[in-house]
Amino acid sequence: MDRGIRPLNVTLLTLLVTATISGVVAFGVGFPGPARWVVAVHGASGLGLLLLAPAKIRVARRGLRRPGRSRKVIGLTFTVFVVAAIGSGLLHAVGGWRPYLGLLPMQLHVGAAVGAVVLLVAHVVMH
């Protein structure tokens, strides 16, 4: 693995784990109140993921050129879940309380995040 890619991947993994743990804690504790700092950490880790996405896209493009269909399917599905989780989280944060396709943004956010965590484990195991 290229030495420049490893720090990026470790940072992304750390942000995803932080976002997952803080999201579970915030969901369990509720908002507002004592979970404000947890929600702030959750939002900051999501923003970090968003800011590092362009760098990861460049890395992922190289991976898509390699042979192996199952790796591509998992990687692309993982990307869709992460984009959906970040997008619906942002929509919820800016007041998106209107249902879309019969679901609230928070429901989409949690569902996409759960799917992303499952595929993250598969992605990390494969690499």
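Residues numbered from 1 in each chain as written. Predicted model: local features only at pLDDT ≥ 70, side-chain atom pairs only at ≥ 80, totals over all residues. Heavy atoms only, no water.

A. Spotlight on the packing of helix H2 (residues 36-64) against helix H3 (residues 69-93). In contact at an axis separation of 12 Å, H2 and H3 are set at 160° when each is read in the N-to-C sense. Between H2 and H3, the interaxial angle falls into the category roughly antiparallel. Read as a crossing pair, H2 and H3 show a hand that is left-handed. On the side of H2, the interface is formed by Gly 46, Leu 49, Leu 50, Gly 63 and Leu 64, while H3 contributes Lys 72, Leu 76, Ile 86 and Leu 90. Grouping the amino acids of the contact of H2 with H3 by side-chain chemistry returns 6 nonpolar, 2 polar and 1 charged. (Axes fitted to C-alpha atoms, helices over the stretch in contact; angles between N-to-C directions. Helix = DSSP H or I, 4+ residues; strand = E, 2+ residues; numbered from the N terminus. Parallel < 35°, antiparallel > 145°, perpendicular 65-115°, else oblique. Left-handed = near helix turned anticlockwise from the far one by under 90°. Contact = heavy atoms within 4.5 Å. Nonpolar A, V, L, I, M, F, W, Y, C, P; charged D, E, K, R; others polar.)

B. Geometry of the side chain of Ser 22. Its place among the elements puts Ser 22 in helix H1 (residues 5-29). A residue is classified by how much of its surface remains accessible, and Ser 22, at 6% relative accessible area, is buried. Here the side chain of Ser 22 touches Ala 19 through a polar contact of 3.2 Å, landing on its backbone oxygen. Setting aside residues up to four positions removed in sequence, Ser 22 forms contacts with Val 38, Val 41, His 42 and Ser 45. (Buried < 20%, exposed > 50% of the residue type's maximum accessible area, 1.4 Å probe, protein only. Polar contact = N/O pair within 3.5 Å; in protein donor to acceptor, adjacent residues only side chain to side chain.)

C. A look at H1. Over its 25 residues, H1 runs 36 Å from end to end, which matches the ideal 36 Å to within 8%, given 1.5 Å per residue. Of all the positions in H1, only Ile 5, Leu 8, Leu 12, Leu 15, Leu 16, Ala 19, Ser 22 and Ala 26 are classed as buried. Buried residues along H1 sit against H2, H3 and helix H4 (105-126). Phi turns positive one or two residues past the end of H1, at Gly 30, with a value near 95°. (Expected span 1.5 Å × (residues − 1).)

D. Up close: the confidence of the model for the chain. For the chain, mean pLDDT is 87; residues scoring 70 or higher make up 96% of the total. For the chain, H3 is the element with the lowest average pLDDT, namely 87, and H1 is the one with the highest, namely 91. (pLDDT = per-residue confidence, 0-100.)

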